[in-house]
Amino acid sequence: MTVEQEWTRPEGRALLVPGTIGPRRGVPVKIERPEYVDKDEAVSDSGPRVQTPEIIERVREASRIAALALQAAGEAAQPGVTTDRIDEIVHQVLIENGAYPSTLGYLGFEKSCCTSLNEIICHGIPDSTVMEAGDILNVDVTAFIHGVHGDCNATFAVGEIHPRAQDLITVAHETMMRGIKVAKPGREVNVIGRVIEKFVARHGYESVQDYTGHGVAEGFHNGLIIPHYDSAPMFDDVIEEGMTFTIEPMVTIGSQAWEQWDDGWTVVTKDRSFTAQFEHTMVINADGPELLTVV
Ligand code: MF3
Ligand code: CO
Ligand code: CO
């Protein structure tokens, strides 16, 4: 193994610590809220797995708006910028387009997106943390409009990054695309997990098993689970035309073992190695998947 391959995080980059979380951002009253906002449970987190054409069109709109906000977040991911500023931008794009930020008030989450920097695998809370050149930032945006959600995320380079970090990002994106390609009607969802796990392993990385893709429409997470590893005999649901779901693999340079901060959300790699993720919402058509989280 070369030194390059052993690299898991930049020398000199301090381990992340929780920053200060700013006040909750307001949403104009005319924007429709999901039922779960500020409740202890999300009743809509279960429901039909196959969607009607009318619901699919709404998911298409929610997804497009989420993708727009994600794009704006990516452009703002620069050294010196706080993750809370990213949240502000995402929040603004969503409400400008008439959408509610699905994470805001979801089971106690208080921000309009997730910002997962460096060793954070997922569910990072936007705060006063200032990004530095060499960091990698995942932003996860979910939009709610006309009663449905669209969900996407991407990992961005902050300034110049280490070639190994760039490779991680490239592999994570390709991993998601490989998983998407095999999501055809009539196959079990685990086919997606199998392809993802194999592809990641081929690059010497690991695919995080404990966080999955999910059905998304009227429910933020509607009960359908999309594994990112070979989970057989678990998750033997058959992919059907009309399903709308996400594929969102998390890839680690080092071990996928994780722990959670005391905030109850932030999931970090136990070895503090860098990790990257990408996510799309798609609809399954007769001939295969169609990406919805596109601008
Ligand atoms: N958008 C995330 C996903 O891909 C879920 C975030 S839930 C939150 O499923 F509460 F952490 F925001
Ligand atoms: Co998701
Ligand atoms: Co998401």
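As a starting point, this report considers the structure included with it.

Rules used in this analysis
- Residues numbered from 1 in each chain as written.
- Chains lettered and ligands numbered in written order.
- Predicted model: local features only at pLDDT ≥ 70, side-chain atom pairs only at ≥ 80, totals over all residues.
- Heavy atoms only, no water.
- Donors = N, O, S within 2.8 Å, 3.2 Å for Na, K, Ca; no water.
- Tetrahedral: all angles 85-135°; square planar, octahedral: opposite > 155°, others 65-115°.
- Pairing = 2+ DSSP bridges.
- Helix = DSSP H or I, 4+ residues; strand = E, 2+ residues; numbered from the N terminus.
- Axes fitted to C-alpha atoms, helices over the stretch in contact; angles between N-to-C directions.
- Core = buried A, V, L, I, M, F, W, Y, C linked by side-chain atoms within 4.5 Å.
- Buried < 20%, exposed > 50% of the residue type's maximum accessible area, 1.4 Å probe, protein only.
- Contact = heavy atoms within 4.5 Å.
- Expected span 1.5 Å × (residues − 1).
- 1 Å grid on protein atoms, 1.4 Å probe; cavity = no way out; pocket = protein on both sides within 12 Å on 5 of 7 lines; lining within 4 Å.
- Points joined across faces, edges and corners; volume = space filled by probe spheres on them.
- Nonpolar A, V, L, I, M, F, W, Y, C, P; charged D, E, K, R; others polar.
- Near = heavy atom within 4 Å.
- Polar contact = N/O pair within 3.5 Å; in protein donor to acceptor, adjacent residues only side chain to side chain.
- Areas by Shrake-Rupley, 256 points an atom, 1.4 Å probe, with all protein chains shown as cover.

1. Overview of the coordination of the cobalt ion (ligand 3)
Turning to step 1, where the next piece is worked out: At the metal site, the cobalt ion (ligand 3) is ligated by Asp 140 (OD), Asp 140 (OD), Asp 151 (OD) and Glu 279 (OE), and these contacts range over 2.1 to 2.4 Å.
Turning to step 2, where the next piece is worked out: The coordination sphere of the cobalt ion (ligand 3) comprises six donor atoms, whose angles at the metal cover 58 to 171°; the geometry is irregular.
Turning to step 3, where the next piece is worked out: For the cobalt ion (ligand 3), all donor residues lie on one chain, and their spacing in sequence is D-x10-D-x127-E.

2. Quick look at the sheet that holds strand β15 (residues 288–291)
Turning to step 1, where the next piece is worked out: The strand order across the open sheet formed by three strands is β9-β14-β15, and the pairing between neighbours is antiparallel. The open sheet is flanked by β9 (244–247) and β15, the only strands paired with a single partner. With direction set aside, neighbouring strand axes in the sheet form an average angle of 45°.
Turning to step 2, where the next piece is worked out: One ladder, built from four bridges, connects β9 with strand β14 (residues 280–285); its direction is antiparallel. By the bridge assignment for β14, Ile 247 is matched with His 280.

3. Some remarks on the nonpolar core
Turning to step 1, where the next piece is worked out: Membership of the largest hydrophobic core comes to 71 residues, with the highest contact counts inside it found for Ile 86, Val 90, Val 139, Val 141, Ile 192, Phe 245 and Ile 247.
Turning to step 2, where the next piece is worked out: Here this core gets eleven residues from one element, more than from any other, and that element is helix α2 (residues 53–76).
Turning to step 3, where the next piece is worked out: Sequence-distant contacts of Val 141, defined by excluding residues within four places in its chain, comprise Ala 66, Ala 69, Leu 70, Val 90, Leu 94, Cys 113, Gly 150, Asp 151 and Cys 152.
Turning to step 4, where the next piece is worked out: With ten residues, the next largest nonpolar core counts Val 27, Tyr 36, Tyr 106 and Phe 220 among its residues.

4. Overview of helix α3 (residues 83–96)
Turning to step 1, where the next piece is worked out: An ideal rise of 1.5 Å per residue puts 20 Å on 14 residues; α3 measures up with 20 Å between its terminal C-alpha atoms.
Turning to step 2, where the next piece is worked out: In the core, the buried residues of α3 are packed alongside α2, β1 (100–101), β2 (114–117) and β4 (136–145).

5. Some remarks on the layout of surface pockets
Turning to step 1, where the next piece is worked out: In this structure, the largest pocket spans a volume of roughly 430 Å³.
Turning to step 2, where the next piece is worked out: Taken together, 24 residues line the largest pocket, and the ones lying closest to its centre are His 123, Tyr 211, Thr 212, His 214 and His 221.
Turning to step 3, where the next piece is worked out: Of the residues belonging to the lining of the largest pocket, the class tally is eleven nonpolar, eight polar and five charged.
Turning to step 4, where the next piece is worked out: Put simply, the second largest pocket is a space of about 170 Å³.
Turning to step 5, where the next piece is worked out: What lines the second largest pocket is Ala 67, Leu 70, Gln 71, Cys 152, Asn 153, Ala 154, His 173, Met 176, Phe 278, Glu 279, His 280 and Thr 293.
Turning to step 6, where the next piece is worked out: Taken together, the elements giving at least two residues each to the lining of the second largest pocket come down to α2, β5 (148–157) and α4 (163–181).

6. Structural notes on the coordination of the cobalt ion (ligand 2)
Turning to step 1, where the next piece is worked out: For the cobalt ion (ligand 2), the full set of protein donor atoms is Asp 151 (OD), His 214 (NE2), Glu 248 (OE) and Glu 279 (OE), at a range of 2.0 to 2.2 Å.
Turning to step 2, where the next piece is worked out: Considering all six donor atoms around the cobalt ion (ligand 2), angles at the metal cover 51 to 162° and the coordination shape is irregular.
Turning to step 3, where the next piece is worked out: Summarised as a motif, the one-chain spacing of the donors to the cobalt ion (ligand 2) is D-x62-H-x33-E-x30-E.
Turning to step 4, where the next piece is worked out: Between the cobalt ion (ligand 2) and the cobalt ion (ligand 3) the interatomic distance amounts to 3.1 Å, and Asp 151 serves as a bridging ligand to the pair. Of this pair, Asp 151 sits in strand β5 while His 214 sits in strand β7 (residues 213–214), and the two are 63 residues apart along the sequence. His 214 shares its class with Asp 151; the two are buried.

7. A word on the site of ligand 1
Turning to step 1, where the next piece is worked out: Near ligand 1 there are 14 residues, and of these Thr 103, Asp 140, Asp 151, His 221 and Glu 248 occur at the shortest range.
Turning to step 2, where the next piece is worked out: In the environment of ligand 1, an oxygen atom lies 3.1 Å from a nitrogen or oxygen atom belonging to the side chain of Asp 151.
Turning to step 3, where the next piece is worked out: Contact between ligand 1 and His 221: an oxygen atom at 2.8 Å from a side-chain N or O atom of the residue.
Turning to step 4, where the next piece is worked out: In isolation ligand 1 offers 340 Å² of accessible surface; the protein chains occlude 97% of this area.

8. Comments concerning the pairing of β4
Turning to step 1, where the next piece is worked out: Most of β4 is tucked away, with ten of its ten residues classed as buried.
Turning to step 2, where the next piece is worked out: As defined by bridge partners, β1 adjoins β4 across two bridges and the pair is classed as antiparallel. Along β4, the bridge assignment pairs Pro 101 with Ala 143.
Turning to step 3, where the next piece is worked out: Judged from the four bridges that link them, β2 and β4 form a sheet pairing that is antiparallel. Each bridged residue has a counterpart across the sheet, and for Thr 115 the counterpart in β4 is Val 139.
Turning to step 4, where the next piece is worked out: Linking β4 to β5, which pair antiparallel, is a turn of two residues; within it His 146 sits at a positive phi near 50°.

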